[in-house]
Amino acid sequence: MSSILLEARNVYEDFEVETDILFFKVGDHDLVIFHGRNYNIKKRMTAEQLNRLLSNSSYYHVYGGCYVNLNKISSIADDCIYFGEMGLYAKNVRVPRRKQESIRHLLKGLK
């Protein structure tokens, strides 16, 4: 049992941006808030780290400082992007209608 615990990754310190993060928001003073399946992590980033993150092709800018992980989108409905099952507690992000078609087009290219 203890070996299983040692092998488990601590997502709060050790998350993979492309596989663990559903979307992120860039705030003031280079503070980035990462949203995972059932957690949110705030992290300060250097300008270089932030530029690398923003240039990652897995992420698409939807509004302001909000970027969604194209690989994690399960559906687009009711002006929202959903990650996982739709429902009362589903993680989602509101998306302007003009961006929805671009995202749908990008998603077709990923599948």
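- The protein chain carries the name HTH LytTR-type domain-containing protein in an unreviewed UniProt entry, which gives Paenibacillus odorifer as its organism.

Concerning the sheet that holds strand β4 (residues 59-63)
- Here we have five strands laid out as an open sheet, ordered β3-β2-β1-β5-β4, and antiparallel in their pairing. Each edge of the open sheet is held by one strand with a lone partner, namely β3 (40-44) and β4. Strand-to-strand twist of the sheet, defined as the mean angle between neighbouring strand axes without regard to direction, takes the value 25°.
- Where strand β1 (residues 23-26) and strand β5 (residues 66-69) come together, three bridges link them in antiparallel fashion. Its bridge partner lying in β5, Phe-24 is registered against Tyr-67.

Remarks on unusual backbone geometry
- Notably, Asp-30 is not glycine yet its phi reads approximately 60°, a positive angle.
- Summarising the element assignment, Asp-30 is placed in the loop between β1 and β2 (31-35).
- Note on Asp-30: relative accessible area 34%, which makes it partly exposed.
- At Asp-78, a position not held by glycine, the phi torsion is positive, near 55°.
- If you trace the backbone, Asp-78 turns up in the loop between β6 (75-77) and β7 (80-83).
- For Asp-78, a relative accessible area of 62% corresponds to the exposed category.

Some thoughts on the sheet that holds strand β8 (residues 91-94)
- The three strands are arranged β6-β7-β8 in an open sheet whose pairing can be described as antiparallel. Each edge of the sheet is formed by a strand with only one pairing partner; in this case those strands are β6 and β8. Along the sheet, successive strands turn relative to each other by an average axial angle of 25°, direction set aside.
- Pairing analysis gives three bridges linking β6 to β7, with the strands arranged antiparallel. Residue Ala-77 lies in a different strand from β7, and its bridge partner there is Cys-80.

Cut-offs used in this document
Each chain carries its own residue numbering, running from 1 in the written order of its sequence. Reporting in this predicted model follows two pLDDT cut-offs: at least 70 for local features of residues, and 80 or more for side-chain atom pairs to be given and counted; totals over whole chains, interfaces and linings ignore these cut-offs and use all residues. Based on all heavy atoms of the structure, the side-chain values leave hydrogens and waters out of the count. Here, any two strands with at least 2 DSSP bridges between them count as paired. The helix count covers DSSP runs of H or I at least four residues long, the strand count covers runs of E at least two residues long, and both are numbered beginning at the N terminus. The axes are straight lines fitted to the C-alpha atoms, using for helices just the contacting stretch, and the angles between their N-to-C directions are given from 0 to 180°. Think of it in three bands: with a 1.4 Å probe and only protein chains considered, a residue is buried below 20% of the maximum accessible area for its type, exposed above 50%, and partly exposed in between.

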